[in-house]
Amino acid sequence: EPVITVTDDALAQILELKAKEDDAEELCLRIEVVGTQGVDYLYDLAFATLEEAVEGDSVAIAGGLPVIVPAASATSSQAMAWSPWRPIRTTVSSL
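These numbers were taken from a predicted model, which means no experiment stands behind them.

1. Regarding the overall build of the protein chain
In step 1: Within the protein chain one finds two helices and six strands.
In step 2: Shown N-terminal to C-terminal, the secondary structure of the protein chain runs as helices and strands in the order β-α-β-β-β-β-α-β.
In step 3: The burial tally for the protein chain puts 36% of its 95 residues in the buried class.
In step 4: With an accessible surface of roughly 5,900 Å², the protein chain has 50% of that area assigned to carbon and sulfur atoms.

2. Thoughts on the pairing of strand 5 (residues 65-69)
In step 1: For strand 5, the buried fraction is high: five of the five residues fall into the buried class.
In step 2: Burial along strand 5 is two-sided: the residues Leu65, Val67 and Val69 and Pro66 and Ile68 are all buried.
In step 3: Inspection of the sheet shows strand 2 (residues 27-37) paired to strand 5 by two bridges, in the parallel sense. Paired with arginine 30 across the bridge in strand 5 is isoleucine 68.
In step 4: Looking at chain direction, strand 4 (residues 58-62) and strand 5 are connected through five bridges and run antiparallel. Residue valine 59 lies in a different strand from strand 5, and its bridge partner there is isoleucine 68.

3. Points about the sheet that holds strand 3 (residues 40-49)
In step 1: Strands sit in the order 3-2-5-4 across an open sheet of four strands; the sheet is mixed. Edge positions in the sheet fall to strand 3 and strand 4, since each of these pairs with one other strand and no more. Shown here is a sheet whose adjacent strand axes are inclined to one another by a mean of 30°, direction ignored.
In step 2: As paired strands, strand 2 and strand 3 are joined by ten bridges and run antiparallel to one another. Following the sheet pairing, leucine 27 is matched in strand 3 by threonine 49.

4. Comments concerning a negative patch on the surface
In step 1: Together, Glu21, Asp22, Asp23, Glu25, Glu26, Glu51 and Glu52 give the surface a local cluster of negative charge.
In step 2: The exposure class of glutamate 21 is partly exposed, given its relative accessible area of 37%.

5. Some details on the environment of isoleucine 61
In step 1: Relative to the elements of secondary structure, isoleucine 61 occurs in strand 4.
In step 2: In this structure the C-alpha to C-alpha distance between isoleucine 61 and valine 6, which are 55 residues apart in sequence, comes to 9.4 Å.

6. Quick look at helix 1 (residues 8-19)
In step 1: An ideal rise of 1.5 Å per residue puts 16 Å on twelve residues; helix 1 measures up with 16 Å between its terminal C-alpha atoms.
In step 2: All of the buried residues along helix 1 are Ala10, Leu11, Ile14 and Lys18. Seen along its axis, helix 1 keeps its buried residues to an arc of 100°; they face one direction. Turned more than 90 degrees away from the buried face of helix 1 sit Asp8, Asp9, Glu16 and Ala19, all of them exposed.

So, how was this worked out
- Residues numbered from 1 in each chain as written.
- Predicted model: local features only at pLDDT ≥ 70, side-chain atom pairs only at ≥ 80, totals over all residues.
- Heavy atoms only, no water.
- Helix = DSSP H or I, 4+ residues; strand = E, 2+ residues; numbered from the N terminus.
- Buried < 20%, exposed > 50% of the residue type's maximum accessible area, 1.4 Å probe, protein only.
- Areas by Shrake-Rupley, 256 points an atom, 1.4 Å probe, with all protein chains shown as cover.
- Pairing = 2+ DSSP bridges.
- Axes fitted to C-alpha atoms, helices over the stretch in contact; angles between N-to-C directions.
- Patch = residues over 30% accessible without salt bridge, like charges linked within 9 Å, V, L, I, M, F, W, Y side chains within 5 Å.
- Salt bridge = Lys/Arg side-chain N within 4 Å of Asp/Glu carboxyl O.
- Lys, Arg positive; Asp, Glu negative; His and termini not counted.
- Charge placed at Lys NZ, Arg CZ, Asp CG, Glu CD.
- Expected span 1.5 Å × (residues − 1).
- Arc of directions from axis to C-beta.

Given below as structure tokens:
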């Protein structure tokens, strides 16, 4: 099961934003869980290069777009307040 999935609508929005960057061809999406607000997760989304991924990070491909999920976001108890023993699974549906 993938760490992350991206809906077609969200992918279109991400690719549109990415295309406006000077180094668009080198960029992928980086998604990090930065906290919670009630039962909702708070995310930081940014463009990065694959070279910025470090050992333990998850790298998935969503619609041809590489997506980095830092290791701490994929497995931390912060990311999974309801179950700290399971990796995060999330869907990006809009920006």
